[in-house]
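Residue strings, one per chain:
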Amino acid sequence: MNQLSAAAADERTRTGLSKEALSRAFLDNLFYLQGRSLDVATDNNLYQAAAFTVRDRLLERWIRSAHVYKEQNARTVCYLSAEFLLGPHLANNLINLGIIEAARAAGDELDLDFEQILESEEEPGLGNGGLGRLAACYMDSLATTQIPAIGYGIRYEFGIFDQVIVDGWQVEKGDTWLRNGNPWEIPRPKLAFPVGFGGYSEEYADEYGVVRHRWRPELQINGVAYDTPIMGYGVNNVNLLRLWRSEAPESFNFGAFNVGDYYGAVHAKIGAETISKVLYPNDEPEAGKELRLKQQFFFVSCSLQDMIRLQLRNTGTLEHFSEKFAVQLNDTHPALAVAELMRLLMDEHLMGWEQAWTITRNTCHFTNHTLLPEALETWPVELFERLLPRHLEIIYAINQRFLDEVRVRFLNDEARVARMSLIDEGGGRKVRMAHLAAVGSRAINGVAELHSELLKSTVMKDFNDLWPERFHNVTNGVTPRRFMVVSNPELAALITETCGNDRWVSDLESLRDLEPHAEDHALQQRWRAVKTNAKRELSDWLGARTGYAPDPESLFDVQAKRFHEYKRQHLNLLHIIWLYEQIKQNANTDLTPRTFIFGGKAAPGYFMAKLMIKLINAVGEVINKDPQVNGTLRVLFMPDFNVKNGQRLYPAADLSEQISLAGKEASGTGNMKFSMNGALTIGTLDGANIEIRDEVGHENFFLFGMTATEVQQRQEAGYQPWEYYQRNEQLRSAIDLIASGLFSHGDAELFRPLTENLIHHDPFMVLADFEDYRERQQEVDRAYRDAHHWDRMSILNTTRMGKFSSDRSIRDYAQRIWQVEPTPVEVHD
Ligand SMILES: *Cc1c(COP(=O)(O)O)cnc(C)c1O
């Protein structure tokens, strides 16, 4: 075929990748799916048409992938997570398909505003923060590294709330992300599984006289599958994200059921639908929320039934289930998988205990995400009895066998037995979900080296004594596709140009090749120009929304993450207030102009976190208005920090604040996104900060604060924040300024809970780390004045971040935990 007719053939095929084919398909999708022509189309019409155009191109590769995976009988990773914080799909899929330039050209030719179309997408906020975002990065990397995978979760009708700031306070607004439809998902109404609740468990003798158990639930609902294709970068592999939506089963439909009780039937239908209605907005789980336990069981049960269906369809037996599937439990939210898989294998598929237990133990793997004792998930036994009576029986049976093993291994140590039991017997009996997950899993991992070590020496110490070989570390990572190529196209282009190719996008370690160029003044200058452009864009965006457009020449100092006392946004704020006092005392204070930018949501019920947001806005109001400050300091709050807004922030940061109390942040992933985009970090030796600092070089990282060991020693010695308050004049005057009412129109009460808590309790040792933090910030101030030096450090931060690509994390899991191999997919045209 000559070139001309090849192009014509491409244009004719429905899913061609050329500019012409894209343009044709786009107009078709606008007209035939939405009944619009270009002249009357709204932004949303244009976005939907673009999304369908891209989705069509994914589907072909998806079918092909499913076919190849089945043919090769590859082991499939099932990533079970109550949260997937995906972010907008369109730009990411265009990048992964390699057609963003063709799409842009098609848009130009139709005289459309391409950026505006991308901007129109509302993100599915099906997660709270780091944990959900990690699951999304892992889906991207599983597809990119060509590992067959299914992500299983919940299709919440309302995701994480939208945050608006009213009079400085956070106000939560319902997230109606499905309002305009979701072009990326494919509903599978026929793919539905029953999920029971309540009732009782009974014994019976089967036809051979074998005693078996069955659960007679009081209520049954259905979980219906909604599938979203997940495209790998630069490959043809497309994996599946399968989210479950709860529905009333057919029998609730009005014709057949309850003709006499129409409203009763409607009520039952609504009850069934509440299960997948809303995401719980807590960062850490909170015991006692019955609906949350229902959600967990709901999605775990649907997912396992789906895997069993697939295995029976392919092989007719469940004997080799664990060879076919590797299940990863993302924290304890899906820990019920251990009990539910046992139930399905024994009660529904008539397997004996030993075989079912061997399969379960060889299928499940558990990732722990937290060391905070208040965040370790437990559920009242009474609630289990009521909702999941059969699962409670199974948990008791697992526990009995497990504790016997402990007793034999550690003679005469009933204290240990009580500590390790799946049931917490102290004050209201509770099921310990982390213990259930640990006992039922082949491997247990932490998410950064420090965190994995602390796991073994603290919350999971007894388990490490028993099964040291089961403990692993897999340091978290983030996808360079979304967090570099999509969000920072100018930087990506500069890197590709300097490298001579774009191999780095799926081989981030290869950025090391750029290191010699860090000294190159010409590159430094372009590097800085890229950063300044990103800052200018962010400034325009913030200006339009907050009324202040910060100076792009000032140092952008950013802290963006969920609000929590352990993350210590108030430490940052105390430093800002101290700086303000310096200016007020001496108008000639020589400071590098800085813009402090905060972003993040607080859990709606977390009083102290919400007060911190109010205080930031209150401090900003005073400082930004004060003529004496004269632009040297700006304090801004970016409302509604989510993935989409994060993508505006990471490229524009000069300094990344990673200042949690050592030993509290399991890993952090925001720290990685900033550093990849050339921000320097001011941080503690916590989570992955330690490994980031080791990679980028200690001289390119602003370290401060106590180590985790020092924190522990200080706490054991009896920490007295009051002493720091009295001894450190700088600290005292900053706290006193808040207490004086300066930031609250004279109201000395408003922030008292915060200041009193700091002075008298300070559970996260803000005061103990303040002085060291302040000194390191002075170093930052000086370092930023030497542009060459700063740019060099910035370049080295980016080029040395290879380890923190989620591709590396996934390869670690694949080799060390799942034992799965890549399965490449070819597409034959
Ligand atoms: C990456 C990310 C996080 C996690 O940030 P940390 O600093 O690691 O806590 C939270 N929320 C969003 C929207 C993110 O993209």
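Values in this document were obtained by computation on a predicted structure and should not be read as measured data.

A. Geometry of the nonpolar core. Membership of the largest hydrophobic core comes to 267 residues, with the highest contact counts inside it found for Leu80, Phe384, Phe402, Leu574, Leu767 and Trp818. If sequence neighbours within four positions are ignored, Leu80 has contacts with Tyr152, Phe299, Val300, Met307, Val327, Gln328, Leu329, Asn330, Pro334 and Ala337.

B. Examining the site of the ligand more closely. Near the ligand lie 13 residues; those nearest to it are Lys561, Lys567, Thr669, Gly670 and Lys673. Gly670 places a main-chain nitrogen or oxygen 3.0 Å from an oxygen atom of the ligand. Separating an oxygen atom of the ligand from a side-chain N or O atom of Lys673 is a distance of 2.7 Å. Protein chains shield 95% of the accessible area of the ligand, which is 390 Å² for the free molecule. Looking at the shell around the ligand, the elements with two or more residues in it are helix H7 (130-144) and helix H25 (670-676). Each of domain 2 (75-87 + 124-161 + 173-374 + 443-451 + 470-476 + 812-818) and domain 3 (480-804) contributes no fewer than three residues to the shell around the ligand.

C. Highlighting the UniProt feature "modified residue: N6-(pyridoxal phosphate)lysine" (unreviewed entry) in the protein. Taken from the UniProt record, the annotation "modified residue: N6-(pyridoxal phosphate)lysine" (unreviewed entry) applies to Lys673. Along the chain, Lys673 turns up in helix H25. Not counting residues within four places of it along the chain, the set of residues in contact with Lys673 comprises Arg133, Val478, Phe483 and Tyr650.

D. Spotlight on the side chain of Ser23. Structurally, Ser23 can be placed in helix H2 (residues 19-34). Those residues in contact with Ser23 that lie beyond four places of it in its chain are Ala106 and Leu110.

E. Layout of helix H17 (residues 449-457). Within the span of H17, buried status applies to Leu450, His451, Ser452, Leu454 and Leu455. Elements in contact with the buried residues of H17: strand S17 (443-446), helix H18 (461-466), strand S18 (471-473), helix H26 (689-696) and helix H27 (708-716).

F. Just the domain arrangement of the protein, in detail. Each domain of the protein was delimited in the assignment, giving domain 1 (1-72 + 92-122), domain 2 (75-87 + 124-161 + 173-374 + 443-451 + 470-476 + 812-818) and domain 3 (480-804). Averaged C-alpha coordinates put domain 1 and domain 2 at centres separated by 32 Å. Contact with domain 1, which involves 21 residues of that partner, is made by 28 residues of domain 2. In this assembly, domain 1 packs against domain 2 so that about 2,100 Å² is buried in total across both faces, 55% of it on carbon and sulfur atoms. Of all residues in domain 1, Trp62, Tyr69 and Glu122 bury the most surface against domain 2, accounting for 35% of the area lost on that side. Linking domain 1 with domain 2 are one salt bridge.

G. The arrangement of the pairing of strand S12 (residues 325-330) in detail. Summarising burial for S12: six of the six residues are buried, a large majority. The alternating pattern of S12 places Phe325, Val327 and Leu329 and Ala326, Gln328 and Asn330 on opposite faces, both of which are buried. By the bridge criterion, five bridges tie strand S1 (residues 76-80) to S12 in an arrangement that is parallel. Within S12, the position partnered with Tyr79 by the bridge is Gln328. Alignment of S12 against strand S13 (residues 364-367), held across four bridges, turns out to be parallel.

Thresholds, definitions, all that
Residues numbered from 1 in each chain as written. Predicted model: local features only at pLDDT ≥ 70, side-chain atom pairs only at ≥ 80, totals over all residues. Heavy atoms only, no water. Core = buried A, V, L, I, M, F, W, Y, C linked by side-chain atoms within 4.5 Å. Buried < 20%, exposed > 50% of the residue type's maximum accessible area, 1.4 Å probe, protein only. Contact = heavy atoms within 4.5 Å. Near = heavy atom within 4 Å. Polar contact = N/O pair within 3.5 Å; in protein donor to acceptor, adjacent residues only side chain to side chain. Areas by Shrake-Rupley, 256 points an atom, 1.4 Å probe, with all protein chains shown as cover. Helix = DSSP H or I, 4+ residues; strand = E, 2+ residues; numbered from the N terminus. Domains from an automatic or database assignment. UniProt positions renumbered as here; feature names shortened; annotations may be inferred. Buried area = accessible area lost by both parts, 1.4 Å probe. Salt bridge = Lys/Arg side-chain N within 4 Å of Asp/Glu carboxyl O. Pairing = 2+ DSSP bridges.

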